[in-house]
Amino acid sequence: MSDSSPVRAAAPVLDVWCDLQCPDCRSALDDLRVLRARYGDRLELRLRHFPLEKNKHAFAAAQAAEEAAEQGQGWPYVEAVLARVADLDREGEPLLVEVARELGLDAEEFDTALIDGRHILIVDADQAEGKAIGVSGTPTYVIDGERLDGGKSQEGLRERIEEIVDRLLAEGA
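Model, not experiment: these values are computed from the prediction.

Asks: Explain the sheet that holds strand β2 (residues 44-49) here, please?
Replies: Strands in a sheet are paired, the pairing made by backbone hydrogen bonds, and the direction either parallel or antiparallel. Judged by pairing direction, the sheet is mixed, and its four strands sit side by side in the order β2-β1-β3-β4 without closing on themselves. The sheet terminates laterally at β2 and β4 (146-149), the two strands that pair on one side only. When the angles between neighbouring strand axes are averaged without regard to direction, this sheet yields 20 degrees. The sheet contact formed by strand β3 (residues 140-143) and β4 spans four bridges and is antiparallel.

Asks: Sorry if this is basic, but what is going on with the environment of Asp-124 here?
Replies: On the secondary structure map, Asp-124 appears in helix α7 (residues 120-132). The spatial distance from the C-alpha of Asp-124 to the C-alpha of Phe-59 is 9.1 Å, given a sequence separation of 65 residues.

Asks: Whenever I open this one, the packing of helix α5 (residues 93-102) against helix α6 (residues 107-116) confuses me. Can you help?
Replies: For any two helices packed against each other, the geometry comes down to the angle between their axes and how far apart the axes lie. Relative orientation of the contacting elements α5 and α6 amounts to 150 degrees, with a least axis distance of 8 Å. Considered as vectors, α5 and α6 are oriented roughly antiparallel to each other. By crossing handedness, the relation of α5 to α6 is classed as right-handed. Residue-level contacts link Glu-93, Leu-96, Val-97, Ala-100 and Arg-101 of α5 to Ala-107, Phe-110, Asp-111 and Leu-114 of α6. The class makeup of the residues in the contact of α5 with α6 is six nonpolar, no polar and three charged.

Asks: Please clarify how the pairing of β2 should be interpreted in this entry.
Replies: The side chains of a regular strand alternate between the sheet's two faces. Bridge count between strand β1 (residues 13-18) and β2: six bridges; the pairing is parallel. By the bridge assignment for β2, Trp-17 is matched with Arg-48. This β-α-β element, β1 to helix α1 (residues 23-39) to β2, shows right-handed connectivity.

Asks: What's the story with the pattern of salt bridges in this structure? I'm lost.
Replies: Side chains that differ in charge, positive against negative, can pair when their charged atoms come close. Summed over all chains, the structure comprises 23 salt bridges. The partner of Glu-79 in a salt bridge is Arg-33, with the nearest N and O atoms 3.1 Å apart. Here Arg-33 lies in helix α1 and Glu-79 lies in helix α3 (residues 74-82), a separation of 46 residues in the sequence. By relative accessible area, Glu-79 is classed as buried at 17%. A salt bridge links Glu-67 to Arg-118; the nearest nitrogen and oxygen atoms lie 3.7 Å apart.

Asks: What am I meant to see in the environment of Glu-93 here?
Replies: With respect to the helices, strands and loops of the structure, Glu-93 is situated in helix α5. As for Glu-93 and Ala-64, which are separated by 29 residues in sequence, their C-alpha atoms are 9.1 Å apart. Residues within four places of Glu-93 in sequence aside, it is in contact with His-57, Ala-60 and Leu-114.

What counts and what doesn't
- Residues numbered from 1 in each chain as written.
- Predicted model: local features only at pLDDT ≥ 70, side-chain atom pairs only at ≥ 80, totals over all residues.
- Heavy atoms only, no water.
- Pairing = 2+ DSSP bridges.
- Helix = DSSP H or I, 4+ residues; strand = E, 2+ residues; numbered from the N terminus.
- Axes fitted to C-alpha atoms, helices over the stretch in contact; angles between N-to-C directions.
- Parallel < 35°, antiparallel > 145°, perpendicular 65-115°, else oblique.
- Left-handed = near helix turned anticlockwise from the far one by under 90°.
- Contact = heavy atoms within 4.5 Å.
- Nonpolar A, V, L, I, M, F, W, Y, C, P; charged D, E, K, R; others polar.
- Right-handed = clockwise from strand over helix to strand, strands pointing away.
- Salt bridge = Lys/Arg side-chain N within 4 Å of Asp/Glu carboxyl O.
- Buried < 20%, exposed > 50% of the residue type's maximum accessible area, 1.4 Å probe, protein only.

None of the figures reported here should be taken as evidence of function without further support.
Following this line, the structure appears as structure tokens:
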């Protein structure tokens, strides 16, 4: 049986390399919200972990974000943690569990996940891939093979991402 319905092209993917203890990543949230509002499900936003060595709680935060994703609240958790970057610097891992509790997630499972390290391989793989493609700071975006470094300045990056997404969507139409 043949299906004559048009095949919908896959949505463009925007990889967002992020450190959840990074103030610049917190600032980038506004741009990500604008992109989500503008494109909805026509753009796939994909969080990629790149915890920086200078941020002592970033690796644990990345693992916690993976647990949140497993519990169905990945982006809300990421946004909640980034909103409290300064608190994370002071409070560390207890804050990660507290944020989970505030979002109605299984906080005990978060605590267990941080102890047993079940998400370490995902975080390590993201970080290794980021290094391999030249990510050196956060936030860094990759879309259609183009790497855009937001660690120094966010200025103009959202507009550049929109240009690329608009082109990709037009080509796929």
